[in-house]
2 protein chains.
Amino acid sequence: MSITTNGRVPRHIGFIPDGNRRWALARGLGKQEGYAFGVEPGFALIDICQKIGIEEISIYGFTQDNTRRPATQRESFSKACIDFALAVAQTDVALLVVGDDESRMFPAELKRYARRQGKGIKVNLLVNYGWEWDLNGLKTGELRSHDVSRLDLIVRWGGGRRLSGFLPVQSVYADIFVIDAYWPDFEPSHINEALKWFRQQDRTLGG
Amino acid sequence: MSITTNGRVPRHIGFIPDGNRRWALARGLGKQEGYAFGVEPGFALIDICQKIGIEEISIYGFTQDNTRRPATQRESFSKACIDFALAVAQTDVALLVVGDDESRMFPAELKRYARRQGKGIKVNLLVNYGWEWDLNGLKTGELRSHDVSRLDLIVRWGGGRRLSGFLPVQSVYADIFVIDAYWPDFEPSHINEALKWFRQQDRTLGG
């Protein structure tokens, strides 16, 4: 499949890969088994974004809200994020893991990526991220996600039409594209649809 | 027309009444002439929200970004907000005008509503509002919009699928419903559609 790139291309895209649990339930699996099927599509996603020249992407891994879920789920989504990040770190990307790394919910394996490592497309993975944790940085200086730039486009899988606490400051002007398919059913065509739609939006930034 | 109210009703709804300029252009009017046609629908909107028992509503008037537009537009949207607010203040509502009231862009007529006045459904009108102005409050204490509660649902007219800087903190978990019609073409059925859709969304708040 070819990815259309003519016309306005977003500089920074956010991805909310939702629907892993519903995908698993629909297949007769346990809810927590869905996350592992979300890792491979993440590699494909980065590959496509690199090819079309996106400069920066931010991916919603898990949040501090999410860690209140049952332990089996928590362990599964945590493992999926670790597997994903460690594999991605071996490729040509500049990886930053954004989240509260002072909490025991933050995987020790990812601590070194709390500062950006590597060169290439900027990949920001939100792990144990919380919008309040992020904004609380303002009280003493700057956003804790200060190394994440403003988003042009946000793509969400799983049909939900909300941000669910995803980078509230960087999202202020972002166009939001929602895909009904669950994240593990990711198809490259989803990105094509999102980019095609994005080109049709006017960008006034309120001016 | 009857407004369906069975089932889950949002406590606080945000409204982004976009499309005034496009509505005017489509009728052969000057861009700035659209805003005046957005006042009357606002009264209908409040009336409906009162009838179905919504506790609080927030309406996007104009932003600090918007004030960079040509003076004819700026004067028109400012007048529309003043006309709307002063009329609404005469009814059974608790009106709060939220925005930078230290700026000359903030209408003097609305200064007294920078603190909530009156009793009834809470109506928050954003006038000369800026998301940075709002967040900057955190540096010395709390959000400048601290008297505006978390949003359950946001309804936007004019087809845009973005928040455009609308209350970023209160919007973190809100479901976002987009109506393609331009705001001056407001119909009560739009609210019915939004509420019907809202009832179908699951509300996990990340848990």
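Here the structure is a predicted model, which is why all the values come from computation and not from measurement. (Residues numbered from 1 in each chain as written. Chains lettered and ligands numbered in written order. Predicted model: local features only at pLDDT ≥ 70, side-chain atom pairs only at ≥ 80, totals over all residues. Heavy atoms only, no water.)

Draft legend 1. Summary view of the sheet that holds strand E5 (residues 153-157) of chain B. All names here are of chain B. On the basis of which strands lie adjacent, the open sheet formed by six strands has the order E3-E4-E2-E1-E5-E6 and parallel pairing. Bordering the open sheet on either side are strand E3 (93-98) and strand E6 (175-179), each of which pairs with just one other strand. Taking each pair of neighbouring strands and ignoring which way they run, the sheet shows an average axis angle of 20°. With six bridges connecting them, E3 and strand E4 (residues 121-129) associate as parallel partners. Residue pairing across strands places Val93 opposite Ile121, the latter belonging to E4. Helix-sheet contacts for helix H3 (residues 71-89) involve strand E2 (56-63), E3 and E4, and the interaxial angle to E2 is about 155°. (Pairing = 2+ DSSP bridges. Helix = DSSP H or I, 4+ residues; strand = E, 2+ residues; numbered from the N terminus. Axes fitted to C-alpha atoms, helices over the stretch in contact; angles between N-to-C directions. Contact = heavy atoms within 4.5 Å.)

Draft legend 2. Main features of the interface of chain A and chain B. Chain A puts 30 residues into the contact, and the matching count from chain B is 30 residues. Of the roughly 2,800 Å² buried where chain A meets chain B, counting both sides, 51% is carbon and sulfur surface. A:Asp175 is paired through a salt bridge with B:Arg162; the nearest N and O atoms lie 2.7 Å apart. The set of elements that each furnish at least two residues to the side of chain A that touches chain B consists of helix H4 (131-136) and strand E6 (175-179) of chain A. Across the side of chain A that touches chain B, the residue classes tally to twelve nonpolar, seven polar and eleven charged. (Buried area = accessible area lost by both parts, 1.4 Å probe. Salt bridge = Lys/Arg side-chain N within 4 Å of Asp/Glu carboxyl O. Nonpolar A, V, L, I, M, F, W, Y, C, P; charged D, E, K, R; others polar.)

Draft legend 3. Structural view of the packing of helix H2 (residues 39-51) of chain A against helix H3 (residues 71-88) of chain A. All names here are of chain A. Contact pair H2 / H3: the axes reach a minimum separation of 9 Å and the direction vectors enclose 35°. Crossing of H2 over H3 shows right-handed handedness. Contacts between H2 and H3 involve Val39, Gly42, Phe43 and Ile46 from the former and Ala80, Phe84, Ala87 and Val88 from the latter. Residues belonging to the contact of H2 with H3 are distributed by class as follows: seven nonpolar, one polar and no charged. (Left-handed = near helix turned anticlockwise from the far one by under 90°.)

Draft legend 4. Region of the structure containing the environment of A:Gly61. Residues and elements named next belong to chain A. Along the chain, the position of Gly61 falls in strand E2 (residues 56-63). Through-space distance from the C-alpha of Gly61 to that of Asn128 is 7.7 Å; in sequence the pair is 67 residues apart. Setting aside its immediate chain neighbours within four residues, Gly61 contacts Cys81, Leu125 and Leu126.

Draft legend 5. Structural context of H3(A). Residue and element names in this part refer to chain A. Given a rise of 1.5 Å per residue, 18 residues ought to cover 26 Å, and the 25 Å separating the end C-alpha atoms of H3 matches this to within 8%. Every buried residue belonging to H3 is among Gln73, Phe77, Ser78, Ala80, Cys81, Ile82, Phe84, Ala85 and Val88, and all of these are buried. Of the surrounding secondary structure, the elements contacted by the buried residues of H3 are helix H1 (20-26), H2, E2, strand E3 (93-98) and strand E4 (121-129). (Expected span 1.5 Å × (residues − 1). Buried < 20%, exposed > 50% of the residue type's maximum accessible area, 1.4 Å probe, protein only.)

Draft legend 6. Examining the pattern of salt bridges more closely. Counted by the stated rule, this structure contains 20 salt bridges over all chains. Here B:Arg11 ties to B:Glu55 by a salt bridge, and the two come within 3.0 Å at their closest N and O atoms. With B:Arg11 in the segment before strand E1 (12-16) and B:Glu55 in the loop between helix H2 (39-51) and E2, the pair connects residues that are 44 residues apart, well separated along the chain. Judged by its relative accessible area of 31%, B:Arg11 is partly exposed. Among the charged side chains, a salt-bridge network with shared partners connects A:Arg11, A:Glu55 and A:Glu56.

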